[in-house]
Amino acid sequence: MKYIFILLIFILASCAKEQPQVSWLKIEKWELVQNNNADNYQGELTHDLSQVFVNMDGKSLGVFELPAKIPIIGEGTHDFVLIPGIVNNGIGETKRRYPFAEQYKNSITLTLNDTVSITPTTKYYSTLNFLIEDFESPSMQVDVSEESTATIGRNDDPSILKWGSKYGEILLDEENSSLSFVTTFGTVLPKLATEVYLEFDYMNTNSLLTSVISHGNGNYFVDPYILIQPQKENQAKWKHIYIDLKEIVSFRQTTPINEIQFELQLDDVNPSSYFYIDNIKLIYP
């Protein structure tokens, strides 16, 4: 038994020696910066680029949630390409490369048993199109349905305001329990599997359903899509969501115009609730 114990110690020690030494690359959260060569106004640079796809010397190391500390076998100078990633449609398990932001490229020198930290920057591509409702102008580019008992207004409460001078405010209670409003951008969005995203910032204690309205050439379609869940009152904070519209917009080939519908009904669990919204953007090439 004594000899078996000694042999086991020898085997474990040998395995420990065979463990490769690694260098560490720590990647902080993305910074989205202004593109000074942009063809169009890009609005407030709000984002939640929470993921990074990492390539080293032309080989993929995987996708990581930020901030991330990545072990890398080896040392020396290597060429890295970092690609911004998102949680698609608010579904945590669905991560994809964000199609509208530039890659970050850099040569990084790694040292064994040491950590190199970087904060990657990115910016929107310069040729993108943006349709924006940021609640800053006197009139809003939305149409409230006649059946609604609540409405959408603007407010500048400094305890809530985060960007610009105004945000959209929806207050619901038993008498003002429903709201439906639609964007009025009136623009033909690209089809044929072209990337199109709806993005906005929100803080909420009530759920909200987003739908795509497609109309034109005598047709009118409403496609319900992403339901945003409420946050707890004492934990509510501003969030940013990326809603992928490519499939719906491309599917409705016969209807040139696409708008976004936002619908709210007072959730049963609350006698009153709110939905604050800002920086609504439709982005496409």
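*Asks:* Got a minute to help me understand the side chain of Ser207 in this structure?
*Replies:* Relative to the assigned elements, Ser207 resides in the loop between strand E16 (197-204) and strand E17 (208-216). Taking the relative accessible area as the measure of exposure, Ser207 reaches 14% and is therefore buried. Those residues in contact with Ser207, other than ones at most four positions away along the chain, are Leu227, Ile228, Pro230, Leu264 and Asp267.

*Asks:* How should I be thinking about the nonpolar core in this particular structure?
*Replies:* Soluble, globular proteins show a tendency: their nonpolar side chains are buried together. Judged by nonpolar contacts, the single largest core of 33 residues is most densely connected at Phe200 and Leu245. With 5 residues, the single largest contributor to this core is strand E21 (residues 272-284). If we ignore the near neighbours within four places in the chain, the residues touching Leu245 are Val196, Leu198, Val212, Tyr225, Ile260 and Leu282. If you look at the next biggest cluster of nonpolar residues, it comprises 29 residues, including Leu49, Ala101, Ile118 and Tyr242.

*Asks:* It is not clear to me how the pairing of strand E1 (residues 22-27) should be interpreted in this structure. Could you clarify?
*Replies:* Put simply, side chains in a regular strand alternate between the two faces of the sheet. Sheet analysis places E1 next to strand E5 (residues 68-73), joined by 6 bridges and oriented antiparallel. Residue pairing for E5: Leu25 is matched across the bridge by Ile70. Judged from the 4 bridges that link them, E1 and strand E9 (residues 115-118) form a sheet pairing that is parallel. Each residue of the ladder has a partner; that of Ile27, found in E9, is Ile118.

*Asks:* For this particular structure, what's the right way to read the sheet that holds E5?
*Replies:* Whether parallel or antiparallel, the strands of a sheet pair through hydrogen bonds between backbone atoms. Judged by pairing direction, the sheet is mixed, and its 3 strands sit side by side in the order E5-E1-E9 without closing on themselves. Because the sheet does not close on itself, it has two edges, and the strands there are E5 and E9. Sheet twist, expressed as the mean angle between neighbouring strand axes with direction ignored, is 25 degrees.

Definitions and cut-offs
Residues take numbers from 1 onward in each chain, read along the sequence in its written order. In view of the model being predicted, local features appear only for residues whose pLDDT reaches at least 70, and side-chain atom pairs are presented and counted only at 80 or more, with totals across whole chains, interfaces and linings using the full set of residues. By convention in this description, side-chain values take in all heavy atoms of the structure and omit both hydrogens and water. To qualify as a helix, a DSSP run of H or I must reach at least 4 residues; to qualify as a strand, a run of E must reach at least 2; elements of each kind are numbered from the N terminus. Only protein chains enter the accessibility calculation, which uses a 1.4 Å probe; a residue is then buried when its area is under 20% of its type maximum, exposed when over 50%, and partly exposed in between. Any two residues whose heavy atoms approach within 4.5 Å at even a single point are treated as in contact. Note on terminology: a nonpolar core comprises buried Ala, Val, Leu, Ile, Met, Phe, Trp, Tyr and Cys residues joined through side-chain atoms within 4.5 Å. Strands qualify as paired when DSSP identifies two bridges or more between them. Think of each axis as a best-fit line through the C-alpha atoms, taken over the contacting stretch in the case of a helix, with angles from 0 to 180 degrees between the N-to-C directions.

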